[in-house]
Each structure stands twice: as C-alpha cells, then as structure tokens.
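So you can see what is in the structure, the chains are spelled out below.
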Amino acid sequence: MSETAGKPERRPRVFSGIQPSGTMHLGNYLGAIRNWVAMQETHDCVYCAVDLHAITVRQKRAELRRGTIDLVNLMLASGVDPDRSIVIVQSHVPQHSELAWILNTITYMGELRRMTQFKDKTAGAEGESIGVGLFDYPVLMAADILLYRADAVPVGEDQKQHVELTRDLAERFNNAFGKTFVVPEPIIRGKGARVMSLDDPTKKMSKSGGSEAGYIAIMDTPDVIRRKVKRAVTDSGTEVRPGPDKPALSNLLDIYSSLSGDTVDHLVERYSGKGYAQFKADLGEVIVAALEPIQERIRELEADKDATLKVLARGAEMATSVAERTMTRVRERVGLVPRPE
Ligand code: ATP
Ligand code: LTN
C-alpha cells in the first residue's frame, strides 16, 4: 500500500458481480473478467458470484451449485487474486439481502418499472406471473455495491441503468438519513465491451439467447473452437476489414485484437489480400492459445475442490466485516434498535 505523509492512501474500491446462470463464454471473459483482473493493480476489489440474482429466474439446484463454483474457478483461473481481492458468493454474506430490504423502502415502483432489463426479461409475460424478484433485481444489485462503499463498478453497457439507480438510491438515503453511502461511478470499457454472436453479429454473444454456435464457451475444446470460428458468419466481399457494412468482420477483428494485442489496423494490413479463410484459421488459433492456460488452471482447481472453498471462506469473512460495519451504521441511521449483546 502506498503512503502519503505517513498516512496510508485509500485505494478506490471496486465491486462487480456475475450471475452463475449458465455457461461462461468469451464475451463474459473479454467484457468483464479480464477487466476485473486488470483493476486489481489500482483498486481494492470485491468480486462476487451473484447467486441470489441468478435465482430470480428458476434454476436447477445441481446446476446452480455447479455453476457457482465454476464461475469462481473461472475468476481465479483468469487471474483474480484472492490475496489481493475479496472473492465471494453473494448468499454467503446475508447483509446483501438485509440492505436490499431497507433500500426497498426508499425505492419507487415507477423507477423499477422503467428498467429496460426488467422490460426485456418480462416482455410478453402476464403481470400475474412475473416474479417479484425479477422486479426487485436492481435493488439487490444496489445493495451489493453500496454495502462495500464502492467508488467504481465495472459493468457492461447493459448494466449502466442499474448503476444509475444505485446512485439515485445512495443519494436519496444520504439525504433522508445522513451521509452513509458512497455514490458509485459505472466504468464501461470500450474494447471488448460488446462481443457479438458468431452466428448473428447484430446480437451480443450470449449464453441464454441464440444457439451454441453463437458463443465460444470458456471450456470449449480446441477443435470445437476452431470449428465455431470457421463457421462464424462473415460479410459479403473478401476483404478483412472493419466497417459499418462489415459487422461480422468488425466483431472478429475486435476479438482477435483484444486477445492478441495487435491493433485492428495492423491486422487489416497483415490480412490484406489473404481472404477470410486464412484470417479465421489464425483467429481460431489465437482463441485456442488464449483459453488454453485458463482451461488448464480450471482443471487444476477442479481437482482440488477445497482450495476454492478456502478462498470463499476467507472472502466471506473479510466481506462480512466490511458489510457489517456498513449495516451497523445503516440500522442506526434508520432507527432500528441494536441487538442487545
Ligand atoms: P446472458 O447471456 O444470459 O444474457 P450474460 O452472458 O450477459 O447473460 P451476465 O451475468 O448478465 O451474463 O453478465 C456477466 C458480465 O459479462 C456482465 O458484466 C456483462 O456485461 C458481461 N457480458 C456478457 N455478455 C457479454 C458480451 N457479449 N460482450 C461483452 N461483455 C459481456
Ligand atoms: N446485474 C449484473 C450482475 C450484478 C452486478 C452487481 C454487477 C449483480 N450485482 C453489482 C455489478 C455490481 C449483470 O447482470 N451482469
């Protein structure tokens, strides 16, 4: 920790989460986890598998359990370092749910009704059968962030509205009850922020929508990866270049550039006159090479289940101590009688 005039400088805090609700893919890695790893250099970070968010959509018990551990293993294998960052499962720290309840009391129905994710997820469904958890999802997310007094929240574009609601709730609480929460900023990264589907470059690469051909799963074998890239849709013409008339190539070039570190301009030059086939063959190898060490590390973690559980036990302990400090203050501000010792 750096020191200024003898006083330890507080590094800005980060909180982010991913739902353990399906197969993790290259979009999750490039759009989220890789940035999480980088942010450890400059921030104190809390990274969370948000299982309570995942159950706003019905999950199968065994799959949720497995998916939660898989997600934590992916974080660790990608370089999230539990000696520097706090790694937790959301349900292990019950203060998340407690704060969500209190924030519910200052949240307006109208605000939640306006959330585009809620509108998207319930499009076409009858109001009678829409789960309250889905409606309340953003309030739990606000609780996640505010509990740790996070300054910054790295998220994809789709989550910006939820971080804005979090800011509004923090300010509303502070105004009503006295300064308690830090008002957090969203961090939306440009490159890799939106990896598009391989079979439809107008849609984001996604585990829930679309077919398996559209995404590269983190654990896809080299052969599957090569095949998916080879079959990825391309645009008309033969030139390897980005552009509004080339959504598929723009996406493939972005993926290549994000993983290899080459600039897109440099790649365009390298593949000038070479055609799509050569470019795709090379891109397949770039993805295989990038995922290989992560897959290897995941296999090691899977072989030593206790190691992951130890990380989570330590994470929950550290997180609880920060979260409980915030909650003590919140309960006091609201006027809840402290539990007698
Ligand atoms: P789904 O596929 O069901 O829509 P998801 O893959 O978006 O879900 P989330 O848990 O909602 O999964 O997102 C986890 C993180 O990964 C978020 O920060 C999100 O912005 C990021 N992310 C997901 N898909 C992509 C993508 N295609 N490109 C870039 N980032 C993505
Ligand atoms: N809603 C987010 C996941 C999430 C999150 C958070 C992200 C839950 N709590 C707190 C950042 C901070 C998503 O769907 N990607």
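Here the structure is a predicted model, which is why all the values come from computation and not from measurement. (Residues numbered from 1 in each chain as written. Chains lettered and ligands numbered in written order. Predicted model: local features only at pLDDT ≥ 70, side-chain atom pairs only at ≥ 80, totals over all residues. Heavy atoms only, no water.)

Section: the overall build of the protein chain
Threshold: Numbering of helices and strands runs from the N terminus; a helix is a DSSP stretch of H or I covering at least four residues, while a strand is a stretch of E covering at least two. Just to be clear, the radius of gyration here is over C-alpha atoms, and the globule rule we use is 2.2 Å times residues to the power 0.38. Categorising residues by exposure relies on relative accessible area from a 1.4 Å probe, with only protein chains included: less than 20% of the type maximum marks a residue as buried, more than 50% marks it as exposed, and the intermediate range marks it as partly exposed. Every accessible area reported is derived by Shrake-Rupley at a probe size of 1.4 Å, with residue values counting cover from the shown protein chains alone.
Within the protein chain, the regular secondary structure consists of 13 helices and seven strands. The C-alpha radius of gyration of the protein chain comes to 22 Å, within 12% of the 20 Å expected for a compact globule of 341 residues. A principal-axis box enclosing the C-alpha atoms of the protein chain has dimensions of 75 × 55 × 45 Å. For the protein chain, the residues scored as buried account for 46% of the 341 residues in total. Accessible surface, the protein chain: about 17,400 Å² in total, of which carbon and sulfur atoms supply 52%.

Observations regarding the site of ligand 1
So the rule is basically this: One heavy atom suffices: a residue is near a molecule or strand as soon as one of its heavy atoms comes within 4 Å of it. Pairing of N or O atoms within 3.5 Å defines a polar contact, subject to two protein rules: one partner must be a possible hydrogen donor and the other a possible acceptor, and residues neighboring in sequence count only if both atoms are side-chain atoms. Only protein atoms enter the 1 Å grid used here, on which a cavity is any set of points holding a 1.4 Å probe that cannot leave and a pocket is any open set flanked by protein within 12 Å on both sides along at least five of seven lines; residues with an atom within 4 Å of a point are listed as lining. Cavity and pocket membership follows a simple rule, namely that a molecule belongs there if more than half of its atoms are within 2 Å of the grid points. Three classes are used: nonpolar for Ala, Val, Leu, Ile, Met, Phe, Trp, Tyr, Cys and Pro, charged for Asp, Glu, Lys and Arg, and polar for all others, with Gly counted as polar.
Around ligand 1 lies a shell of 18 residues, among which V195, K204, S206, K207 and S208 are the nearest. With respect to ligand 1, the side chain of H25 contributes an N or O atom lying 3.0 Å from an oxygen atom. Between ligand 1 and S206, the relevant distance is 2.8 Å, taken from an oxygen atom to a side-chain nitrogen or oxygen of the residue. When ligand 1 sits alone it has 590 Å² of accessible area, and the protein chains cover 88% of it. Structurally, ligand 1 is housed in the largest pocket. Taken together, the residues of the shell around ligand 1 break down into five nonpolar, nine polar and four charged.

Describing the packing of aromatic side chains
Spelled out, the test is: Geometry of aromatic contacts follows a simple scheme: Phe, Tyr and Trp rings, the Trp one being its six-membered ring, pair when their centres are within 6.5 Å, and the pair is stacked under 30 degrees between planes, edge-to-face over 60, tilted otherwise.
Evaluated as defined, the whole model comprises eight aromatic pairs. Taking 4.4 Å as the distance between ring centres and 5 degrees as the angle between the ring planes, the aromatic pair formed by W36 and Y47 counts as stacked. Here W36 is found in helix α1 (residues 26-39), whereas its partner Y47 is found in strand β4 (residues 44-49), with eleven residues between them in sequence. You'll find W36 and Y47 in the same group, each marked buried. Between F118 and F135, the aromatic rings sit 5.1 Å apart at their centres with planes inclined by 65 degrees, giving edge-to-face as the arrangement. One end of the pair, F118, is in helix α6 (residues 116-122); the other, F135, is in helix α7 (residues 132-147), with 17 residues separating them in the sequence. Judged by relative accessible area, which is 14%, F118 ranks as buried. Given a relative accessible area of 15%, F135 falls into the buried group.

Observations concerning the environment of A100
Stated precisely, the cut-off is as follows: We call two residues in contact when some of their heavy atoms are within 4.5 Å.
Looking at the element boundaries, A100 is found in helix α4 (residues 95-104). Judged by relative accessible area, which is 6%, A100 ranks as buried. Dropping the residues within four chain positions of it, A100 is found in contact with V139, L140 and A143.

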